[in-house]
Amino acid sequence: MSYKQLFRLFKEVIAERGRPLGGMFVFVLLAFSLLFFSDQAEEVSHTVGNRELPIYCVDTDENKVALSFDAAWGNEDTARILEVLRKHRVHVTFFMTGGWVESYPEDVKAILSDGHDLGNHSEHHYDMTGLSDAEAREELQSVHNKVKELTGYEMFLFRPPYGAYDNRVISCAGSLGYYSIQWDVDSLDWKDYGVDSILRTVCEHKHLGNGSIILCHNGAKYTADALDTLLTSLEQKGFQIVPVSELIYREDYYLDTQGRQHHN
C-alpha cells in the first residue's frame, strides 16, 4: 500500500467514526508517517536492486546532451579545446585527476573562468574498486581540497577512473556529497583512430539522444582536431550541449537498471 492509499484510508476512518479512536488513530498515523517519510527518502536514490549505480544518462524531453572530458594526462590540447568551446559558446565538464590539477593549475583556472564544470577524477587514477573505503575517500578528498584551495570551487561531480565502480565506490562518493557520473556515449577518442572515427562513433552512436552524456578525453591525439566538427554535427542534430551539472537532476530522482536518471 502506498502512502497515498493509506492517507485515503485514514480519511475514510475519520469520516466513518467522526474522529479516530485511541489505538486506531495512533496506528494509522504512525503507518502513514513511516510510509510517507520512506517515500521521501527514496526520492533521491542511486540504489537499483542491490546495486549502487552512477548516472549514465538522463531521462528528459529536452534536446540536451552533456559533453565531458577526462583530464588525466597532458595539456597540449587544452588551449585549443577551450578555444573551440568558446567559438561555439558551449560549456562542458572536465573531470580532473589530482596530478593534472597539480601539473596544470593555470589550465584549471582557465577552465573554470570559461564557465565549465570542474569534476573529480580521483587523485591517482587508480581502479578504486580495489581500495578500502578510507583510501577511496582520500582519493576524492585530496583532489577536492586542491581545487578548492586553487580556485575556491566546491566540486560535486565524480567520474570513477576507467569507469570502474562497485557499491562501495558509489557510496563513498555519495558520502562526500558527490554525484557519480558515467556515460552512455563513448567517443573512443583515446584509441587514436582518427577524426572521422570520433565523429562517426559519437554522431552515429545507438544511444545518442536526449539526456546523453558523452565521454571524451583531454590529451587524446585527435580530440581537439575533431571537436569543432563534432559540436557542429551535434548542433545540426538539434542538440543543445550543456555541462553535466545542467543536465542531471540534483534532487527528487531515481535511477533505473540502465543507470538512466529519472525525475520523480
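Residues numbered from 1 in each chain as written. Predicted model: local features only at pLDDT ≥ 70, side-chain atom pairs only at ≥ 80, totals over all residues. Heavy atoms only, no water.

Attention now moves to the overall build of the protein chain. Looking only at helices and strands, one finds 10 helices and 14 strands in the protein chain. Scored against the burial criterion, the 264 residues of the protein chain give a buried share of 50%. Across the protein chain, every contact between residues at least 6 apart in sequence was considered, and the portion connecting residues at least 24 apart equals 75%. Summed over all atoms, the accessible surface of the protein chain reaches about 13000 Å², with 49% contributed by carbon and sulfur. (Helix = DSSP H or I, 4+ residues; strand = E, 2+ residues; numbered from the N terminus. Buried < 20%, exposed > 50% of the residue type's maximum accessible area, 1.4 Å probe, protein only. Contact = heavy atoms within 4.5 Å. Areas by Shrake-Rupley, 256 points an atom, 1.4 Å probe, with all protein chains shown as cover.)

Let's shift gears to the side chain of Asp77. Among the structural elements, Asp77 can be located in the loop between β5 (64-71) and α3 (78-87). Buried and unpaired, Asp77 has Arg80 as its nearest opposite-charge partner, separated by 6.9 Å. Beyond its immediate sequence surroundings of up to four residues, Asp77 is in contact with His217, Asn218, Gly219, Ala220 and Ala224. (Lys, Arg positive; Asp, Glu negative; His and termini not counted. Salt bridge = Lys/Arg side-chain N within 4 Å of Asp/Glu carboxyl O.)

Here strand β4 (residues 57-58) runs beside strand β14 (residues 260-263); their pairing, made up of two bridges, is parallel. For Cys57, the partnering residue across the bridge sits in β14 and is Arg260. For strand β13 (residues 253-255) and β14, the ladder comprises three bridges, and the chain directions are antiparallel. By the bridge assignment for β14, Leu255 is matched with Gln261. Adjacent in sequence and paired antiparallel, β13 and β14 are bridged by four residues, among which Gly259 carries a positive phi angle near 80°. (Pairing = 2+ DSSP bridges.)

Now for helix α5 (residues 105-113). Three or more residues of α5 are buried, namely Asp107, Val108 and Ile111. Buried positions in α5, seen along its axis, are confined to an arc of 105° and lie on one side of it. More than 90 degrees from the buried face of α5, the exposed residues found are Glu106 and Ser113. Elements that come into contact with the buried residues of α5 comprise α3, β6 (93-96), α4 (98-103), β7 (117-120) and α6 (133-151). Once α5 ends, the next one or two residues include Gly115, with phi positive near 95°. (Arc of directions from axis to C-beta.)

When pLDDT is averaged along the protein chain, the result is 88, and 83% of the positions lie at 70 or above. When the criterion is pLDDT under 50, residues 23-43 qualifies, and its contacts beyond four places in sequence or with other chains add up to 20 contacts. (pLDDT = per-residue confidence, 0-100.)

Once that is clear, we can look at the pattern of salt bridges. Counting across every chain of the model gives 10 salt bridges. For Glu102, the salt bridge identified is with Lys146, shortest N-O distance 2.8 Å. Of this pair, Glu102 sits in helix α4 while Lys146 sits in helix α6; the two residues are 44 residues apart in sequence, bridging distant segments of the chain. Accessibility expressed as a relative area gives 55% for Glu102, which makes it exposed. Glu123 serves as the salt-bridge partner of Lys146, at 2.6 Å between the closest nitrogen and oxygen. Here Glu123 lies in the loop between β7 and α6 and Lys146 lies in helix α6, a separation of 23 residues in the sequence. Pair check on accessibility: Lys146 and Glu123 agree, each one buried.

What follows deals with the environment of Tyr254. Tracing the backbone through its elements, the reader meets Tyr254 in strand β13. In sequence terms Tyr254 and Asn264 are 10 residues apart; their C-alpha atoms lie 7.0 Å from each other.

Aromatic rings considered in pairs are described by the distance between their centres and by the relative angle of their planes. Summed over the entire model, instances satisfying the criterion amount to four aromatic pairs. A ring pair is formed by Phe156 and Tyr179, whose centres lie 6.3 Å apart and whose planes are at 80°; its orientation type is edge-to-face. Of the two residues, Phe156 is situated in the loop between α6 and β8 (157-158) and Tyr179 in strand β9 (residues 179-180); the sequence distance between them amounts to 23 residues. Both rings, one in Tyr179 and one in Tyr253, keep their centres 6.4 Å apart while their planes meet at 40°; by these two values the pair is tilted. (Phe/Tyr/Trp six-rings, centres within 6.5 Å; stacked < 30°, edge-to-face > 60°.)

Okay, the nonpolar core next. With 67 residues, the main nonpolar core has Leu67, Leu85, Phe94, Met96, Ile181 and Ile214 as its most contacted residues. Broken down by element, this core gets its largest block of residues, six residues, from helix α9 (residues 223-236). Setting aside residues up to four positions removed in sequence, Ile214 forms contacts with Val65, Ala66, Leu67, Ser68, Val185, Val202, Leu208 and Leu234. (Core = buried A, V, L, I, M, F, W, Y, C linked by side-chain atoms within 4.5 Å.)

We now examine the packing of α6 against helix α7 (residues 167-175). Two elements in contact, α6 and α7, have axes whose closest approach is 10 Å; the angle formed by their N-to-C orientations is 50°. One element, α6, and the other, α7, form an angle in the oblique class. The two elements α6 and α7 cross, and the hand of that crossing is right-handed. Residues Asp133, Ala136, Arg137 and Leu140 of α6 form the contact with α7, whose own contacting residues are Arg168, Cys172, Ala173 and Ser175. Split into classes, the residues belonging to the contact of α6 with α7 amount to four nonpolar, one polar and three charged. (Axes fitted to C-alpha atoms, helices over the stretch in contact; angles between N-to-C directions. Parallel < 35°, antiparallel > 145°, perpendicular 65-115°, else oblique. Left-handed = near helix turned anticlockwise from the far one by under 90°. Nonpolar A, V, L, I, M, F, W, Y, C, P; charged D, E, K, R; others polar.)

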